[in-house]
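What the coordinates show
One-letter residues, chain by chain:
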Amino acid sequence: MAQAAVRNFERSTGVLEGAVLDRDHLARMTFGDHSLEREVLQLFDRQAELLMMRMRVSEPAAVVTLAHTLKGSAVGVGAGRVACAAESAELVASRAPGECSRVVDQLAQAVDEARIHIAAILRAH
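What this report covers is the structure whose coordinates are included nearby. Please read these numbers as outputs of a predicted model, since none were measured by experiment.

Quick notes on the overall build of the protein chain
Tallying secondary structure elements over the protein chain gives 6 helices and 0 strands in all. Element order for the protein chain, N to C, with α for helix and β for strand: α-α-α-α-α-α. Relative to its full complement of 125 residues, the protein chain shows a buried share of 42%. Long-range contacts, defined here as pairs at least 24 residues apart, represent 64% of the contacts in the protein chain between residues at least 6 apart.

The structure is reproduced here in structure tokens:
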């Protein structure tokens, strides 16, 4: 299901891989409600932090599930780089468990970048 959402997101924006945070997508998902946008960003920020903490100490099979969850959330808020990195982590953890640590590190970088961007948005509101 999340893979279909990622594909739909890619088609609708054409910038999934490049977007730290697609504000137009986020506005559509929150119906232009700035209060809801703020709440959604805060929830994503907290969830991303928790999921990354769990992935760092989990076996590859659990990373698959956690990355899948993060991918869906990232698509929902328009965090394109996180969605792509999470999809990569999900696939690598399931197919090449020995590479799991490397892709979790890459995902962590994308998450950190998104969280910095989100913090700036939240400060500006």
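Digging into the pattern of salt bridges
In the structure shown here, the tally under the stated rule is 7 salt bridges. Across the pair Arg 115 and Glu 49 runs a salt bridge whose closest N-O atoms are separated by 3.6 Å. Within this pair, whereas Arg 115 is found in helix α6 (residues 100–124), its partner Glu 49 is found in helix α3 (residues 34–56), the two being separated by 66 residues in sequence. Judged by its relative accessible area of 35%, Glu 49 is partly exposed. Among the ionic pairs, Lys 71 bridges to Glu 90, the shortest N-O distance being 2.7 Å. Remark: Glu 90 occurs in helix α5 (residues 80–95) and Lys 71 occurs in helix α4 (residues 60–77); sequence separation between them is 19 residues.

So, how was this worked out
Residues numbered from 1 in each chain as written. Predicted model: local features only at pLDDT ≥ 70, side-chain atom pairs only at ≥ 80, totals over all residues. Heavy atoms only, no water. Helix = DSSP H or I, 4+ residues; strand = E, 2+ residues; numbered from the N terminus. Buried < 20%, exposed > 50% of the residue type's maximum accessible area, 1.4 Å probe, protein only. Contact = heavy atoms within 4.5 Å. Salt bridge = Lys/Arg side-chain N within 4 Å of Asp/Glu carboxyl O.

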